[in-house]
2 protein chains.
Amino acid sequence: MKIKLKAKNCLYPMPVVLVGALVKGQPNYFTATHVGILGFNTLAVSMSKGHQTGLGIHENKTFSVNLPSVDLVCEVDLCGMVSGRHADKARLFETFYGDLKTAPMVQQCPLCMECRLVQTLDYPRHEVFIGEIAATHGDPKVMPNGVVDYARVNPLLFVMEDKGYWQLGPRLATAWAAGKVVKHKLA
Amino acid sequence: MKIKLKAKNCLYPMPVVLVGALVKGQPNYFTATHVGILGFNTLAVSMSKGHQTGLGIHENKTFSVNLPSVDLVCEVDLCGMVSGRHADKARLFETFYGDLKTAPMVQQCPLCMECRLVQTLDYPRHEVFIGEIAATHGDPKVMPNGVVDYARVNPLLFVMEDKGYWQLGPRLATAWAAGKVVKHKLA
C-alpha cells in the first residue's frame, strides 16, 4: 500500500560535488547536489541563477566537478552556505588545473573531472549546465591497481528530506550477474 | 597529487531506479542508473535508444521512477539484463497506477514518482527523458511521522567502476549547519 504525497522529488541519495569555475580569473566553488549522469561521458549540474559559479561557467564555458570524501563535510557544507561574492572560498582548498586550464579543481577531493560546457538548459529560476568530461584526475590512494575503489573514495551523499549528509555503505552485489538468480521468474 | 585518467565519469554512486512505462498498453520496467535531479520538481533518466521502455515513454509522454530497496537487487538487476521484447518483466512486480493513469509503478518499491515527459535530449546513441513529477507515492513503512527515512528506504546504489550495487551507510551531518564549524577559515 502507498500513501500519495505531493509531487516530491525523492531521487536520493545523490553524490555531493563541489562545482568549480573561474569567476573573473579567480577560482570559486559551489556545493551542488542537483546533479546527474546523462551519458557515459556527459553529466549535469543544476543551480539557481545568479550564483557566482554559474556566472563563471557562462564566462569560460568550462567547469569542474569534484567529489569530496566525508572528511570534507564541513568545508563542503560551507561552500553551499556562503556566496563567492562575500568570501574567497578557494582559501578552503588547494586548487589545481588540468587540460582545459580554466576549470579549477580541488586537490583535497579524491576524484575531479574537468568539463566543457556543451549545453545549458534554461528554467525560470535555475539553469542546468551539461558538461562533456575532458579529463578525470584521481588520487592514487583511492585507485589500488588502477581501479577506483569507492569505499576508499568514501563519497559524501545527500538526502534532501532530512537535509542530511550520508555515507556510503557496503558493496552488496555485482550488476549484470545478480539477476541470474531470479531469471526463472520470467520463464 | 593526482593521476590523470582518460575522461571517465566518476559521478557515483547513483541511486538505482526502475523506470516504468506502458508499451502498447502493457507495463514494462527498465533499470536505470544514468539518472539525475535537474530541479526541485524535475528529474532526468537516460537510456540507449531502442529500449522498449523508451518507446513507451515516447508513446504516452509519461513514465515512472521507482526506488527499490536493496532486497530487490536481483529483480532490479534482471530488469537491466532482459529486454521487454523477450520477457514480461512486469511479472516480477505488482503494478499500480496513479493520477497520470499511463505511468505504471512498482508496489514493491518504497518510493515511486509518476512523471510527465517535458523534454527529450537527443544524442546519437541515447536519449535523456526529462520528467516533471506529477505525484509521489510512498510506503508508510518508510515514513514514520510522515517524513521519509532513507535508512528505512534502504536504497540501492550503483557504481560503474566495479559494476557494483552498494548500500547506503549512516547519516553523518546536517546540511546548512555543519559548515558553521569551519566558518572561521573564511574570516
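From a predicted model like this one, the values you see are computed outputs, not experimental measurements.

**Q** Tell me what's going on with the overall build of chain A, and back it up with residues and numbers.
**A** Looking only at helices and strands, one finds three helices and 13 strands in chain A. Principal axes of the C-alpha set define a box for chain A whose edges measure 60 × 45 × 30 Å. By residue count, 50% of the 187 residues in chain A fall in the buried class. Residue pairs at least 24 apart in sequence account for 63% of intrachain contacts in chain A once pairs closer than 6 positions are excluded.

**Q** A description of helix 1 (residues 52-60) of chain A should follow, citing residues and the corresponding values.
**A** All names here are of chain A. Within the span of helix 1, buried status applies to Thr53, Gly54, Gly56 and Ile57. Each buried residue of helix 1 lies within a common arc of 160° when the element is viewed along its axis, so the set occupies one face. Contacts from the buried residues of helix 1 go to strand 3 (17-23), strand 4 (26-32), strand 6 (42-48), strand 7 (62-67), strand 10 (111-122) and strand 11 (126-138). In the segment just after helix 1, lysine 61 is the residue with positive phi, at about 60°.

**Q** Describe the interface of chain A and chain B, with residues and values.
**A** Across the contact, 83 residues belong to chain A and 84 residues belong to chain B. No other element matches strand 13 (residues 164-174) of chain A, which puts 11 residues into the side of chain A that touches chain B. When strand 11 of chain A meets strand 1 (residues 3-5) of chain B, the two strands line up antiparallel, connected through three bridges. Bridged to glycine 138 of chain A within strand 1 of chain B is isoleucine 3 of chain B.

**Q** Any chance you could break down the pairing of strand 6 (residues 42-48) of chain B for me, citing the residues and the numbers?
**A** Residue and element names in this part refer to chain B. In terms of burial, strand 6 is largely enclosed, as five of its seven residues are buried. Examined bridge by bridge, strand 5 (residues 35-39) and strand 6 share four bridges and lie antiparallel to one another. Residue valine 35 lies in a different strand from strand 6, and its bridge partner there is valine 45.

**Q** An account of the relation of the copies chain A and chain B is requested, with residue identities and associated values reported.
**A** Its rotation angle being 180°, the transformation that places chain A on chain B also includes 0.0 Å of axial translation and leaves an RMSD of 0.0 Å. In short, the pair behaves as if placed about a two-fold rotation axis. The share of interface residues of chain A whose copies in chain B are also at the interface is 100%, consistent with both copies meeting through the same surface.

**Q** Break down the nonpolar core for me, with residues and values.
**A** Ranked by size, the top nonpolar core spans 112 residues in total, and within it Val19 and Ala44 of chain A together with Val19, Leu43 and Ala44 of chain B carry the most contacts. If sequence neighbours within four positions are ignored, alanine 44 of chain A has contacts with Val35, Gly36, Leu38, Val128, Phe129 and Ile130 of chain A together with Gly36, Leu38 and Ala44 of chain B.

**Q** Give me the confidence of the model for chain A: which residues, what numbers.
**A** Detailed reading of the predicted coordinates is not advisable wherever pLDDT is low. Of all residues in chain A, 100% attain a pLDDT of 70 or more, and the chain-wide mean is 97. Reported confidence for the predicted complex is 0.97 by ipTM and 0.97 by pTM.

Cut-off values and rules
Residues numbered from 1 in each chain as written. Chains lettered and ligands numbered in written order. Predicted model: local features only at pLDDT ≥ 70, side-chain atom pairs only at ≥ 80, totals over all residues. Helix = DSSP H or I, 4+ residues; strand = E, 2+ residues; numbered from the N terminus. Buried ≥ 20, exposed ≤ 12 C-beta atoms within 10 Å, placed from the backbone. Contact = placed C-beta atoms within 7 Å. Arc of directions from axis to C-beta. Pairing = 2+ DSSP bridges. Least-squares fit on C-alpha atoms with pLDDT ≥ 70 in both. Core = buried A, V, L, I, M, F, W, Y, C linked by C-beta atoms within 7 Å. pLDDT = per-residue confidence, 0-100.

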